[in-house]
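# Commentary on secondary and tertiary structure
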Amino acid sequence: MDDELNVTYITLDGYVDVHKYRYLYFLIMLTAYILIICCNFTIVCLIWIHKNLHEPMYIFIAALLLNSVVFSSALYPKLLIDFLSEQQIISYPACLLQYFLFYSLSSSEFLLLAAMAYDRYVSICKPLQYPNIMRKTTVSIFLFLAWLVPACQTAVAVMLNSNTKLCNLTLKGIFCNNSIYSLHCVTSRALSIFGIFGLVDIGLLPFLFILFTYTRILVISYRSFSNVRTKAAQTCLPHLLVLISFSCLCAYDIIIARLGSDFPKTARLIMTLQAVLYHPLFNPIIYGLKMKEISKHLKKLFYQAKVI
């Protein structure tokens, strides 16, 4: 406890040999952060500039990529500071803010993927009704709810956490996620119930909705002409790859919270770094390579750069 400011500081104990490899860690994470910002913003700018990309599917992709940038910006600056610091600590209010951003933005990704799945379902299964259903107003409402609902639910969890007494000031992680529950003196029943509700509400239900939607697309496209099957494969495969990648990382986060100290420290660090490293980079690479129209504009951009 800091007597002068009366602020509780948490020690982040998830680092392995940070004093020995601090500059290597810093260089890797700084490079990754720059790549995340450049790759995601390149595709967002392409979608913004080209009018033929001003469609619901591409707007949702842009929102997903912007979400990845904000998600990374909530974690990377603090990680970079910690790698160069003698002590890896964080104040409890800042820890709760990091927790809020981590889970709010992660949940938003699930809801954005659900909105994209619905958009693909209407486009492929109800093409004649698509312009009437997926209007600008509908897209705006989906985007608004995708960020508002998780933010409200996570804010409640943060308030419950802020009123819980701490007995342990050492966090077994490199940033504040579900591991903060190990700091509490007593396991809060209200937090546990609300956590399960949040997991079902903005995790499991969107995931099941996405699976159901893509199953329906698969069944309908299988019965249709070859051009419909091709369209379904081209537009749905990238979304499914992103969903699988993100679901694996979410499953890891839940497993870590359950296993706690039983999980080896080095394995925990490697898995945590994968969560913050490759997924924010995975999204723009998949959408840049697999989405035909985006790929076409990317090739033009690189060709112009070579000519210059």
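It should be noted that the structure appears before, not after, this text.
To keep things clear, this report deals only with the structure shown in the data block. (Residues numbered from 1 in each chain as written. Predicted model: local features only at pLDDT ≥ 70, side-chain atom pairs only at ≥ 80, totals over all residues. Heavy atoms only, no water.)

## Quick look at the state of the cysteines
Operational definition: We call a pair of cysteine sulfur atoms a disulfide whenever their separation is within 2.5 Å. Only DSSP runs of H or I reaching four residues or more are called helices, and only runs of E reaching two or more are called strands; each is numbered from the N terminus. Using a 1.4 Å probe on the protein chains alone, a residue whose accessible area is under 20% of its type maximum counts as buried, one over 50% counts as exposed, and one in between counts as partly exposed.
One pass over the full model with this rule turns up two disulfides. Note on cysteine connectivity: Cys95 is disulfide-linked to Cys176, with sulfurs 1.9 Å apart. Across the S-S bond linking Cys95 and Cys176, the dihedral sits near -120°, which makes this disulfide left-handed. Here Cys95 is found in helix α3 (residues 92–125), whereas its partner Cys176 is found in the loop between β3 (170–171) and α6 (189–223), with 81 residues between them in sequence. Per residue, the accessibility class of Cys95 equals that of Cys176, and both read buried.

## With respect to the sheet that holds β3
Note the following rule: By definition, two strands form a pair when at least two bridges between them are found by DSSP. Whether two residues are in contact is decided by their heavy atoms: any pair within 4.5 Å suffices. Interaxial angles span 0 to 180 degrees and are taken between N-to-C directions of axes, which are lines fitted to C-alpha atoms, for helices over the stretch in contact.
Strand order across the open sheet formed by three strands is β2-β1-β3, with mixed pairing between neighbours. The sheet terminates laterally at β2 (89–91) and β3, the two strands that pair on one side only. Where strand β1 (residues 9–12) meets β3, two bridges bridge the pair, whose relative direction is parallel. Following the sheet pairing, Leu12 is matched in β3 by Leu171. Contacting β1 and β2, α3 runs over the sheet at an angle of about 90° to β2.

## Observations concerning the pattern of salt bridges
Here the idea is simple: oppositely charged side chains can pair when their charged atoms come close. Which entries qualify depends on this criterion: The salt bridge definition used is simple: a Lys or Arg side-chain nitrogen within 4 Å of an Asp or Glu carboxyl oxygen.
The final tally for this structure, using the stated rule, is four salt bridges. For the salt bridge of Arg22 with Glu86, the shortest nitrogen-to-oxygen distance reads 3.8 Å. Of this pair, Arg22 sits in helix α1 (residues 18–49) while Glu86 sits in the loop between α2 (56–84) and β2, placing them 64 residues apart in sequence. Judged by its relative accessible area of 62%, Glu86 falls in the exposed class. Measuring nitrogen to oxygen at the nearest pair gives 3.3 Å for the salt bridge that ties Glu293 to Lys296. Of this pair, Glu293 and Lys296 both sit in helix α9 (residues 292–307), three residues apart, which is roughly one turn of the helix. Take Lys296: its relative accessible area is 37%, and that puts it in the partly exposed class.

## Things to note about the side chain of Asn40
Looking at where Asn40 falls in the secondary structure, it is placed in helix α1. You can call Asn40 buried: its relative accessible area is 0%.

## Focus on the packing of α3 against α6
Inclusion rule: We call two directions roughly parallel when the angle between them is under 35 degrees, roughly antiparallel when it is over 145, roughly perpendicular when it lies between 65 and 115, and oblique otherwise. Each helix crossing is assigned a hand: it is left-handed if the near helix lies turned anticlockwise from the far helix by less than a right angle, otherwise right-handed if that turn is clockwise. Under the scheme applied here, ten amino acids are nonpolar (Ala, Val, Leu, Ile, Met, Phe, Trp, Tyr, Cys and Pro), four are charged (Asp, Glu, Lys and Arg), and all others, including Gly, are polar.
Running from N to C, α3 and α6 cross one another at 20°; their axes reach a closest spacing of 9 Å. Put simply, α3 runs roughly parallel to α6. Pair α3 / α6 crosses with left-handed handedness. Each of Ser107, Phe110, Leu111, Leu113, Ala114, Met116, Ala117, Tyr118, Arg120, Tyr121, Ile124 and Cys125 in α3 lies in contact with α6, whose residues at this interface are Ile202, Gly203, Pro206, Phe207, Phe209, Ile210, Thr213, Tyr214, Arg216, Ile217 and Ile220. Taken together, the residues that form the contact of α3 with α6 break down as 18 nonpolar, three polar and two charged.

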